[in-house]
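Below, each chain spelled out in residue letters.
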Amino acid sequence: MITNIIDQDLISQAKRLIEPVQKIAIVTHTSPDGDAIGSSLGMLHFLRDTGKQHVRVIVPNRFPHFLDWMPLSETILAYDDNTGEADAFLSVADLIIGIDFNQLSRLEKMQDAVKNAPAKKILLDHHLYPENFADVTISYPQISSASEIVFRLICRMGMFKHISKQCAECIYTGMMTDTGNFSYNSNDSEIYNIISELLKKGIDKDAIYRNVNNTHSEDRMRFMGYCLYRKMKVYPEYHTALIAIRGKELFRFNYQPGDAEGFVNMPLSIEGVCFSVFMREDKDKIKISLRSQGDFPANKVAAELFNGGGHLNAAGGESYATLDETIEKFENALPKYF
Ligand code: 5GP
Ligand code: MN
């Protein structure tokens, strides 16, 4: 059974905003992951299927290769490569649907264009503490993916029949990637009822797994080996592991966006390690991913040390200090958490 989690009042309000309009922009967070792209494209397919012709997905920057098999992914506009076209669409859109982020700042360079757009706004999200910028905010942190929220919203609007096979593929991809192939945040039995409904739409879940997980480059595989063999530092007394990568190391392995996706999880397979951190030197900052298992709060560390946040077991943040300073700050703070 799939129960009604989303408040009926919110469903009605969202429906009232979506039904009458044609020009809709769907936006998601910077460095979009499988759930960001899956939920956004799922919504795009659904809206197109209901006859809306002027719907676009706009993302702040490029998304990884392992998502580019997704139907209609070729229509996605990356804001940093197509700023003029994206600004033009955002400024005339009747409605902007933001998915899979809780604060406008997660849109980075795109945030002002979205904030200042005259369009009505709907936010669909599953992160804690949503910022209050939208006309309708549908935020359920207990739901493991934004894609699942898209599925639930469509069904509750009475539009299940407008979920095509392509739409179902996108929704499934987001549900799968945001739960690590259903290995965390995935004990809610209703997830599997939803998967069952998506399978009835004709999706090939095994092929989706292969498309996402088995389509990487040789460079990426060797980079993974390098990270584990040469770069991983384990702090047994703190049940913690750290991998910190410099820009020149990324260059050496021909790093492409998304290539390090999932690396942060790997040290958690060491017995006794319950906290894992991955730092990557970007052009103007250090991007930090944090993962934990059990009740260790990765989001608390992200917020306190790296101006970030996220979920209990999966969080992120950034640092504008050097990589060495960032590592030092992290190592100095570790004893406080254990
Ligand atoms: P990832 O490590 O995959 O980039 O991010 C994992 C989760 O951490 C995201 O789903 C998001 O909730 C959160 N997150 C990542 N980066 C940031 C950030 O810079 N700021 C905040 N507040 N949360 C972040
Ligand atoms: Mn998500």
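Residues numbered from 1 in each chain as written. Chains lettered and ligands numbered in written order. Predicted model: local features only at pLDDT ≥ 70, side-chain atom pairs only at ≥ 80, totals over all residues. Heavy atoms only, no water.

**Student:** Explanation requested: the site of ligand 1 in the structure shown.
**Tutor:** The local shell around ligand 1 holds 14 residues, among which H127, K287, S289, R291 and G316 are the closest. Between ligand 1 and R106, the relevant distance is 3.4 Å, taken from a nitrogen atom to a side-chain nitrogen or oxygen of the residue. Take G316: an N or O atom from its main chain is 3.0 Å from an oxygen atom of ligand 1. For ligand 1, whose accessible area on its own is 500 Å², the fraction buried by protein is 82%. At the level of elements, β10 (286-292), β11 (309-310) and β12 (314-319) are the ones that each hand at least two residues to the shell around ligand 1. Among the elements that make up the shell around ligand 1, the one with the highest residue count is β12 (five residues). Of the residues assigned to the shell around ligand 1, the class counts are two nonpolar, eight polar and four charged. (Near = heavy atom within 4 Å. Polar contact = N/O pair within 3.5 Å; in protein donor to acceptor, adjacent residues only side chain to side chain. Areas by Shrake-Rupley, 256 points an atom, 1.4 Å probe, with all protein chains shown as cover. Helix = DSSP H or I, 4+ residues; strand = E, 2+ residues; numbered from the N terminus. Nonpolar A, V, L, I, M, F, W, Y, C, P; charged D, E, K, R; others polar.)

**Student:** Help me understand the nonpolar core in this model?
**Tutor:** The nonpolar side chains of a soluble globular protein tend to be buried with one another. By size, the foremost hydrophobic cluster in this structure holds 58 residues, and its most contacted members are L41, M43, L47, I97, L124, I138 and L198. Here this core takes seven residues from helix α6 (residues 165-177), the largest share from any one element. Look past the residues within four positions of L47 in its chain and what remains in contact with it is I18, I24, I26, K52, V55 and I97. With 23 residues, the next largest nonpolar core counts L242, A244, I288 and A298 among its residues. (Core = buried A, V, L, I, M, F, W, Y, C linked by side-chain atoms within 4.5 Å. Buried < 20%, exposed > 50% of the residue type's maximum accessible area, 1.4 Å probe, protein only. Contact = heavy atoms within 4.5 Å.)

**Student:** Looking at this structure, I do not really get the packing of helix α11 (residues 298-306) against helix α12 (residues 323-337). What am I missing?
**Tutor:** Between two packed helices, what matters for the description is the angle formed by their axes and the separation of those axes. It is the contact of α11 with α12, at a shortest axis distance of 11 Å, that shows an interaxial angle of 130°. On the basis of their axis angle, the class for α11 and α12 is oblique. As α11 packs across α12, the resulting crossing turns out to be right-handed. Contacts from K300, V301, E304, L305 and F306 of α11 reach α12 at T326, K329, F330, A333, K336 and Y337. Here the residues of the contact of α11 with α12 are counted per class, giving six nonpolar, one polar and four charged. (Axes fitted to C-alpha atoms, helices over the stretch in contact; angles between N-to-C directions. Parallel < 35°, antiparallel > 145°, perpendicular 65-115°, else oblique. Left-handed = near helix turned anticlockwise from the far one by under 90°.)

**Student:** Sorry, what's going on with the coordination of the manganese ion (ligand 2) here?
**Tutor:** Metal coordination angles in their ideal form are 109.5 degrees for the four-donor tetrahedron and 90 or 180 degrees for the six-donor octahedron. Around the manganese ion (ligand 2), the protein contributes the donor atoms D35 (OD), D100 (OD), H126 (NE2) and D178 (OD), at 2.1 to 2.4 Å from the metal centre. In primary sequence terms, the donor set of the manganese ion (ligand 2) follows D-x64-D-x25-H-x51-D. Pair noted here: D35 is in helix α2 (residues 34-49) and D100 is in the loop between β4 (95-99) and α4 (111-116), with a separation of 65 residues, a long-range link. The buried category is assigned to D100, whose relative accessible area is 1%. (Donors = N, O, S within 2.8 Å, 3.2 Å for Na, K, Ca; no water.)

**Student:** Please explain the packing of aromatic side chains as it appears in this structure.
**Tutor:** Given two aromatic rings, one states the distance between the centres and the angle between the planes to describe the pair. Going through the model one piece at a time under the given rule, you end up with 15 aromatic pairs. The interplanar angle of 35° and the centroid separation of 5.5 Å between the aromatic rings of F223 and F253 together place this pair among those described as tilted. With F223 in helix α9 (residues 218-231) and F253 in the loop between α10 (247-252) and β9 (275-281), this residue pair connects regions lying 30 residues apart in the sequence. Given a relative accessible area of 1%, F223 falls into the buried group. Judged by centre distance (4.8 Å) and plane angle (10°), the ring pair of F296 and F338 falls under stacked. Of this pair, F296 sits in the loop between β10 and α11 while F338 sits in the segment after α12, placing them 42 residues apart in sequence. Owing to a relative accessible area of 8%, F296 belongs among the buried residues under this scheme. Three or more aromatic residues joined by ring pairs make a cluster, and in this case those are Y238, F275, F296, F306, F330, Y337 and F338. Stacked on the ring of F160, the Lys or Arg K201 has its end atom at 3.9 Å from the ring centre. (Phe/Tyr/Trp six-rings, centres within 6.5 Å; stacked < 30°, edge-to-face > 60°. Lys NZ or Arg CZ within 6 Å of the ring centre and 35° of its normal.)

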